Amino acid sequence: MADRKTERFFEDSFNRADSTLVGNGWTTNGNLQIKDNVVRQTGSSGLAIARIEQTIADVAPGIGNELQIGALFAVTNVSTERTASIWVGPVSDAGYALKAVYATDSTVSLKIVKQNNGTDADLIAVTGIQAELEQDSSSPLSVFQRMALRVRHEEGGTILEAYLNDEERPRLTYTDRKHPVHQQLDLFGFRFRSEERRVG
């Protein structure tokens, strides 16, 4: 059977009026609002993770197919641990995610995780990635960072590549050979504890 590749394009810059609803077809779970053309999480708790999902129609699971999702995000403070992540999967509680984790001691780590029934398992991680972050006055706080996750189905596994502010060089690469998620990837979105914008 010939491989089939499907090309789709979706982008949302959230360039719309301030609102307590994100709109544009997003389904939300958590306290989110549009303010100054940015999606923000309201409230101060670092434990309240929000997720937004958008359906991708007809993304085939065939061998050789590739999907990339990306987002600009910013963390404004680290009074508690903050996490920004992008996610893709066949259902809302399974799939793959890329997480940027800001600890209270200002160290930052990047992780690729696999989600199954709402439970995360770290596949690969790297710590001390401050050098890869865009900074202002020697601090990455409140500065937008670009993260992207590329998913490619191959025989015997799913190849995952993580990018941070450099879409030519993957920061992390992992091949999932243990029950790889080969189902149709219908949903993508992001979870965050600060603010995030421009998903596409």
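Note that this is a predicted model, so its numbers are computed, not measured.

Engineer: When you look at the packing of aromatic side chains in this model, what are you seeing that I'm missing?
Structural biologist: Note on aromatic pairs: each is described by the distance of the centres and the angle between the planes. Under the criterion given, the structure shown has 5 aromatic pairs. Between the aromatic rings of Phe14 and Trp26, the centroid separation amounts to 6.1 Å while the plane-to-plane angle is 40°, which identifies the pairing as tilted. Pair noted here: Phe14 is in the segment before β1 (27-29) and Trp26 is in the segment before β1, with a separation of 12 residues, a long-range link. Summarising the burial analysis for this pair, Phe14 and Trp26 share the class buried. On the basis of an interplanar angle of 85° and a centroid distance of 6.1 Å, the ring pair of Trp26 and Phe188 is categorised as edge-to-face.

Engineer: How should I be thinking about the pairing of strand β8 (residues 108-116) in this particular structure?
Structural biologist: In the case of a regular strand, side chains alternate between the two sheet surfaces. Counted residue by residue, β8 has 7 buried out of 9 residues, so it is predominantly covered. Relative to β8, strand β7 (residues 94-102) is paired through 8 bridges, and the arrangement is antiparallel. Bridge pairing links Leu98 to Ile112 in β8. In this structure, the hairpin formed by β7 and β8 is closed by a connection of 5 residues, where Ser106 is found at a positive phi of approximately 75°. Between β8 and the antiparallel strand that follows it, strand β9 (residues 119-127), lie 2 residues; Asn117 among them carries a positive phi value of about 55°.

Engineer: Got a minute to help me understand the pattern of salt bridges in this structure?
Structural biologist: Pairing between side chains of opposite charge can happen when the charged atoms of each approach one another. Tallying each qualifying case throughout the model produces 11 salt bridges. A salt bridge links Asp176 to Lys114; the shortest N-O distance between them is 2.9 Å. Separated by 62 residues along the polypeptide, Asp176 in strand β12 (residues 172-176) and Lys114 in strand β8 bring together distant segments of the chain. Considered together, Asp176 and Lys114 belong to a single accessibility category, that of buried residues. Taking the shortest distance from any N to any O, the salt bridge between Asp166 and Arg169 comes out at 3.6 Å.

Engineer: Explain the nonpolar core to me, please; I cannot follow it from the model alone.
Structural biologist: Note that soluble globular proteins tend to have their nonpolar side chains buried in a common cluster. Grouped together as the largest cluster of nonpolar side chains are 36 residues, with contacts concentrated most on Ile86, Leu98, Tyr102, Leu110 and Leu149. Once residues within four sequence positions are removed from consideration, Leu110 is found in contact with Leu98, Lys99, Ala100, Ile124, Ala125, Val126, Ile129, Ala162, Leu164, Arg171 and Leu172.

Engineer: I'm lost on the pairing of β9 in this one. Help?
Structural biologist: Across 8 bridges, β8 lies against β9 in antiparallel orientation. Residue Asn116 lies in a different strand from β9, and its bridge partner there is Thr119.

Engineer: Just to check I follow, could you spell out unusual backbone geometry for this structure?
Structural biologist: Negative phi characterises most residues that are not glycine, and trans characterises most peptide bonds. A positive phi angle, near 55°, is found at Asp36, a position not held by glycine. Here Asp36 shows up in the loop between β2 (32-35) and β3 (38-41). Look at Ser137: it is not a glycine, yet its phi comes out positive at around 55°. Considering the arrangement of structural elements, one finds Ser137 in the loop between β9 and β10 (145-154). Classification of Ser137 as exposed rests on a relative accessible area of 68%.

Criteria and thresholds
- Residues numbered from 1 in each chain as written.
- Predicted model: local features only at pLDDT ≥ 70, side-chain atom pairs only at ≥ 80, totals over all residues.
- Heavy atoms only, no water.
- Phe/Tyr/Trp six-rings, centres within 6.5 Å; stacked < 30°, edge-to-face > 60°.
- Helix = DSSP H or I, 4+ residues; strand = E, 2+ residues; numbered from the N terminus.
- Buried < 20%, exposed > 50% of the residue type's maximum accessible area, 1.4 Å probe, protein only.
- Pairing = 2+ DSSP bridges.
- Salt bridge = Lys/Arg side-chain N within 4 Å of Asp/Glu carboxyl O.
- Core = buried A, V, L, I, M, F, W, Y, C linked by side-chain atoms within 4.5 Å.
- Contact = heavy atoms within 4.5 Å.

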